[in-house]
Each structure stands twice: as structure tokens, then as C-alpha cells.
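Below, each chain spelled out in residue letters.
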Amino acid sequence: MVEPLSARVDCAGLLHSEHMGGDPRFLHSQALSEVEALCATAHWCYARGWVPATSGNFSLREPGPGIGRVLITPSGHDKGALQPDDLIEVDANGRVVAGRSKPSAETGLHRVLYRARPEARSILHVHTVWNTLISGHYAPRGYAPLQGYEILKGLAGVTTHAHLERVPILANTQTYDELCDEMAEALDEYPQAHGVLLSRHGLYTWGQSVAEARRHLEVLEFLFEVEMRRLTGGRMLEPDAIGADEARG
Ligand SMILES: [Zn+2]
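As the structure is a computational prediction, the values presented were derived from the model and not from experiment.

Criteria and thresholds
Residues numbered from 1 in each chain as written. Predicted model: local features only at pLDDT ≥ 70, side-chain atom pairs only at ≥ 80, totals over all residues. Core = buried A, V, L, I, M, F, W, Y, C linked by C-beta atoms within 7 Å. Buried ≥ 20, exposed ≤ 12 C-beta atoms within 10 Å, placed from the backbone. Helix = DSSP H or I, 4+ residues; strand = E, 2+ residues; numbered from the N terminus. Domains from an automatic or database assignment. Contact = placed C-beta atoms within 7 Å. Pairing = 2+ DSSP bridges. Axes fitted to C-alpha atoms, helices over the stretch in contact; angles between N-to-C directions.

### Focus: the nonpolar core
Ranked by internal contacts, the top residues of the largest apolar core, which has 54 residues, are Leu113, Ala144 and Met183. Tallying contributions element by element places helix H6 (residues 210-232) first for this core, with eight residues. When residues of this core are sorted by domain, at least three fall in each of domain 1 (1-105) and domain 2 (126-249). Sequence-distant contacts of Leu113, that is, excluding residues within four places in its chain, are made with Ala120, Ile123, Met183, Leu187, Tyr204 and Trp206.

### Notes on the sheet that holds strand E8 (residues 143-147)
One open sheet accounts for nine strands, arranged E6-E5-E4-E3-E7-E11-E10-E9-E8; its pairing is mixed. Edge positions in the sheet fall to strand E6 (96-98) and E8, since each has one partner strand and no second. With strand direction ignored, the average angle separating the axes of adjacent strands in the sheet is 25°. In terms of strand pairing, E8 meets strand E9 (residues 164-170) through five bridges, oriented antiparallel. In the strand pairing of E9, Tyr143 is matched with Pro168. Against the sheet, helix H5 (residues 176-189) engages E9 and strand E10 (195-198), with an angle of about 165° to E9.

And the structure:
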């Protein structure tokens with residue numbers, strides 16, 4: 001059980017529970033700003049309609065080398081009401097060590113991502129209209145191409161609008177082990193990517209802080225909308241285009 005956060009903050013900005021008795025549990029030893037930033041980002045995504053019907057998930061990794069412990073949103077939780085003590089703590093082996101309910105069903109994907117992108121400290125996953133549309137449209141190509149837009153410079157390490165951002169797209173499945181393997185392969189194949197799409201499902205993106213992950217999310221979602229508006233001119237997609245990735249098998 002995560003104890004209630006009757007929290008106080010010390011001079012280093014660390015969050016402490018009045019009940020923890022010196023227990024260095026991850027949730028209670030994190031900089032308050034990062035835990036609060038994760039919850040604020042969940043509320044912000046909810047307000048934008050990016051995590052409808054309890055979808056999506058968010059996590060924050062322990063600082064330092066290796067995956068370490070991860071705080072992740074609980075399965076089926078309303079992200080618009082997320083509070084720090086709702087987060088589930090998972091250890092380096094993927095075992096739940098603290099929390100009041102089950103972690104997200106997609107926790108394994110977060111662990112794969114943290115392993116492949118050791119600089120990442122936070123991962124955000126959302127189900128939006130535009131990432132659902134663009135991932136379905138570009139699935140036959142295997143990635144969504146984004147190029148020629150000034151806002152690409154909001155992605156870490158990108159310095160020009162001429163940058164070609166290739167966002168890999170994985171076929172969706174309910175077999176999470178398979179998805180974890182495919183996620184690992186995609187991250188290896190696209191070492192410069194700032195996000196991964198699951199076809200007609202959603203986007204995963206990450207950053208060295210919650211703020212950076214949130215910036216990447218905003219850049220990518222902005223560009224998904226721009227691209228899909230450009231491609232469709234506001235028209236409905238033809239049914240065969242919508243089903244192209246299914247036909248490919
Ligand atoms: Zn999802």
C-alpha cells in the first residue's frame with residue numbers, strides 16, 4: 001500500500017510522507033516537482049481529450065543508471081483526477097512494490113522504452129484522434145514522416161525545420177509480449193525517433209524530464225494534426241485507405 005501523502009517538502013524539494021518513518025520509497029523520495037508535473041500533465045491531456053475513457057498511461061523513472069523503479073498510472077484510472085498517491089511503483093524486475101491497484105496493462109512497454117532510451121525519465125502515452133488517424137494512414141509505410149515544419153525544433157536535438165522525423169508505426173495487438181519485442185526492434189531501427197505510434201491505438205513519447213516529454217508530445221500531436229489536415233483537406237478518408245494496414249496483414 002502507498003501510504004497517504006500527508007506530504008511536506010524539504011529544502012531540497014524532496015517529498016516526504018509524515019507516515020514514512022524514513023522509508024526511502026521511490027514515490028516519497030522524488031523531487032515533488034516531477035511527480036506533480038506528471039499529474040499535471042495527465043490533467044492537461046485529459047482536458048484536451050487525449051486520454052478518453054481512461055485510456056493512456058504515464059510514467060516517471062527513478063534517476064540514475066538502469067531502469068530502476070518506475071512510478072506508473074494505474075490501470076483504468078481517470079487521468080483527469082490523477083493524484084500522486086494513485087501512482088503504482090514497480091521495481092527493476094517489473095514487480096509491483098507499492099500502490100493501491102494494478103499498474104497499467106502497458107507497463108511492459110514503458111520498461112522496454114526505458115531500457116532502449118536510457119536518457120528518458122518520463123514516458124507519456126495518449127490516444128488522440130490525430131495519432132489514431134495518422135498511424136492508420138501511414139502503417140503500410142512503417143513510419144509517419146514529418147518534415148519541413150518549424151515546430152520540429154521543439155524535439156530534443158533538432159535544429160532545423162528541414163529535419164525528417166520518422167515516427168515508427170507498430171501494428172496493434174492485444175499480445176503485449178509481442179508488442180514489447182516489436183517496440184524494442186523499432187527503437188533499435190529508428191535511433192533518432194522521438195516517439196513510436198501503435199496503429200489506430202496511440203502514441204508513445206518520452207523525455208529527460210516530464211517537461212521535455214510533454215513538449216515532445218505537444219510537438220508530435222500538433223504535427224499529426226497538421227499532416228492529416230493537409231492530406232485529407234477536411235474530407236473523410238476512403239474506406240480502403242482506412243483499412244490499408246489490415247489488408248497488409
Ligand atoms: Zn494505449
